[in-house]
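# Understanding the architecture of this molecule
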Amino acid sequence: MIPDDLYKTLKDNGTISSGSFEKMTEKQRSPLFSLHWELKTLLYLGVMMLSCGSGILIYKNIDTIGHQAILAFIAAICGGCFYYCFRNKKPFSRELIKAPDVLFDYLLLLGCLSFLTFTGYLQYQYQVFGTHYGMATFIPMVVLFYVAYEFDHLGVLSMAIANLAVWMGVSVTPNRLLSNANFDNQTLIYTYLLLGLILLLAGFFSERFSFKKHFRFSYFHFGIHISFIALVFAYFNNYDSGMAIIWLLILFALAFYLYLDALHHKSFYFMLLVILYSYAAVSILVFRSLDGMSNMGGLYLLCLYFIISAAALILRIIRLNKQIKAS
Amino acid sequence: MIIYNITWLKHLIIQDQMKKAHRANNLNAEELQAVLEKYPVGFHSSNLFLRIGLFLVTTTLTSFAFGFLSLVLSNTRLMESPGYFAFLGVLCYIALEIAVRTFHHYKSGVDDALMWTSGMLLLTALYIFLDKRAFGFKGYIDELMLSGLVMLLGTYFTLRFANMVMALVSFCAFIAFIFFAWNSYGFYPFSTMPFLIIIIAATIYSFVLKLDKKHWMYKDCLGMLQFVSLLTLYAAGNYFVVRELGSSMNKVVLAPDQDIPFGWFFWLWTFCIPFIYIGIGLKRKDVILLRAGLILVAAACFTLKRYHHVASIEVVLVASGALLLGISYGLMRYLETPKYGFTVAELDDDHMLDNLKVESLIVSGTFGDGPTPPEGSRMGGGSFGGGGATSDF
């Protein structure tokens, strides 16, 4: 693949130093073949199959095993995993900590999952928390946030955010958000909006106080999706009143702030999200204003609007791409 | 044939290579900068997210532009003819050529959108033509013509734009073409089909392997072709595929315990091929063979499960899960210090996904999607249902 004498050419015309040349040719001479991804995938599959299989096994044999035994078994898995993790963990730091080995991440994940199962089971079977459902979801959430920060695990952080949403009365995975479409409830929309803003703030503060800066991504990922979707639905919920426009104005203001932020952080992903959501919002407005014209003229104008705006958007994105790359 | 500036393609490879070296700390930043300046690339390419975004926006643009055109022409009868779609397809292709030649788009999203739209429109034209014509052909003529066109278009786009997915499409269309042709005109098609496909897939694989050394511009396409030809080679002899496809093509109903002719051969094929792939893959250190083999082991297990009751599903899951955990953990420990040129360390820390923590998203996608609690009764300890996964089975 590489032209064989590339390194030599580079060295001869003085682009790279002879030290770098030595290093690279040395590496080329003894190439290592990495099985990293293959083994990691197998490990992941193994964890999934094992937890699924044991779940079914328990479910089918619940009459013969008895609830205490199952609870003890789940607690044992959970305890074992956390024991391993606490034994092998590196000291806490506000910066990124790399996991000591590959197994560590998966055991931590397994521990958290079995902890959730454990509390859920306890509540379902024995109603430990009685009717204080808030408490039943609050405790797992706190534990998950603690674990995520203590062991620096992004997967657990996502679970914790999902749990925060459950606690606030909603479910958080983005695809679920759209497919459920249960948005006619005013309070639900405000809860979503509040959740989204809290997550954005959390992301903002993680960076501001450089406390686990890399968690900002997860916070923003969930925060942006949730707050934009909530704002759009708030608009539709009040569609008939003239005040509806306020929601879209809030959306544009938020979009503008996040756009500058994404530009500052050179994040293509957040940039794209902001652009697409605000484009959708603008299109909703245009569609509404053209809706009044019932003749063909409206349709022509709509087509023209999309042609022109899409072309402008393409040019804008291309310019942005160049701008970010150049900086 | 290829539309791109070949010097730039070469420079792109050099840049990638040097960036990798830089990430591995074999090259310092100034040297990297010097290399990047010495070997410039003039392409306009996007990273993954912008590529998706541009793809979406370009598709919006083309669909509304064609919608507008159709609105203007809506009073004429022009739109009903297949020629109209062919015309739109050609229009799209011209736009694609301009985007790539004049504006140097290279995997930017704009070119992808235009390429797929133009291909789909041309295909639609043929489909409408076949659908509307007054006379009918016997046999699989329609299928033959459609798969033939897909194959031709796919091959053309692959050669001109070096697009990996197009290579995949044209390979699949080629196999479909052979399948339908042999079914209509072949020699004992029912019994010879698996062997024919096996021979063809093997021939393509070895041919592609030879090409791989010479045609570096098509490296991705050739890799993709290797991968699918390996999968096809296996599928053609897989017991499940042969049995079910064969009986449905010939409208024969097989009793559950009825065997097929040469059943032993197909069973042997089903189980040996994955391990042969893995073995050769490890020996040659060929990632494609290795990964194909690993995927096919799963396929072999599913095939066995389909026809023979080994144990109940949960026992199989627990046993194989434990086995997988054991094997992968053991191998990781064994290879902690590299042996025989193998290692478990992550060699290239590639940041191409915009620092997206893909794994965390996957985890939240699989686990985070708990049952939405109805309002007022917030039940369940969090987002993971534990034994609730049973509902899938």
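Remember, it's a predicted structure, so these values are computed and weren't measured experimentally.

Calculation notes
Residues numbered from 1 in each chain as written. Chains lettered and ligands numbered in written order. Predicted model: local features only at pLDDT ≥ 70, side-chain atom pairs only at ≥ 80, totals over all residues. Helix = DSSP H or I, 4+ residues; strand = E, 2+ residues; numbered from the N terminus. Axes fitted to C-alpha atoms, helices over the stretch in contact; angles between N-to-C directions. Parallel < 35°, antiparallel > 145°, perpendicular 65-115°, else oblique. Left-handed = near helix turned anticlockwise from the far one by under 90°. Contact = placed C-beta atoms within 7 Å. Nonpolar A, V, L, I, M, F, W, Y, C, P; charged D, E, K, R; others polar. pLDDT = per-residue confidence, 0-100. Domains from an automatic or database assignment. Buried ≥ 20, exposed ≤ 12 C-beta atoms within 10 Å, placed from the backbone. Core = buried A, V, L, I, M, F, W, Y, C linked by C-beta atoms within 7 Å.

### Topic: the environment of A:Phe222
Structurally, A:Phe222 is set in helix H11 (residues 216-237). Separated by 25 residues in sequence, A:Phe222 and A:Leu197 place their C-alpha atoms 10.0 Å apart.

### Observations regarding the packing of helix H3 (residues 48-72) of chain B against helix H5 (residues 110-132) of chain B
All names here are of chain B. Put simply, H3 and H5 touch, their axes get as near as 8 Å, and they point 45° apart. In terms of orientation, H3 lies oblique with respect to H5. Remark: the crossing between H3 and H5 carries right-handed chirality. Mapping the contact onto sequence places Leu54, Phe55, Thr58, Thr59 and Thr62 in H3 and Val110, Asp112, Ala113, Leu114 and Thr117 in H5. Grouping the amino acids of the contact of H3 with H5 by side-chain chemistry returns five nonpolar, four polar and one charged.

### Side note on the confidence of the model for chain B
Close inspection of predicted coordinates is inappropriate in any region flagged by low pLDDT. All names here are of chain B. Of all residues in chain B, 85% have pLDDT values of 70 or greater, and the mean over the chain is 78. When pLDDT is averaged over each element of chain B, helix H4 (residues 82-101) comes out on top at 91 and helix H14 (residues 358-367) at the bottom at 41. Per-residue pLDDT stays below 50 along residues 349-393; that stretch engages in 100 contacts with residues further than four places along the chain or on separate chains. The ipTM, which scores confidence in the relative placement of chains, is 0.79 for this predicted complex, and the corresponding pTM is 0.79.

### Quick notes on the domain arrangement of chain B
Each domain of chain B was delimited in the assignment, giving domain 1 (1-42) and domain 2 (311-344). The C-alpha-based centres of domain 1 of chain B and domain 2 of chain B are spaced at 38 Å.

### Here we look at unusual backbone geometry
Where the residue is not glycine, phi is negative for most of them; where a peptide bond is considered, it is trans in most cases. All names here are of chain A. The phi dihedral of Lys212 falls on the positive side, at around 55°, and the residue is not glycine. If you trace the backbone, Lys212 turns up in the loop between helix H10 (186-208) and H11. For Lys212, a count of 20 C-beta atoms within 10 Å translates into the label buried.

### Observations concerning the nonpolar core
Note on soluble globular proteins: their nonpolar side chains tend to be buried together. With 156 residues, the main nonpolar core has A:Cys112, A:Val156, A:Ala160, A:Phe270, A:Val274 and B:Leu225 as its most contacted residues. Counting residues per element, this core draws most heavily on H11(A), which supplies 12 residues. Apart from the residues within four sequence positions on either side, A:Val274 is in contact with A:Ala255, A:Leu258, A:Tyr259 and A:Ala262.

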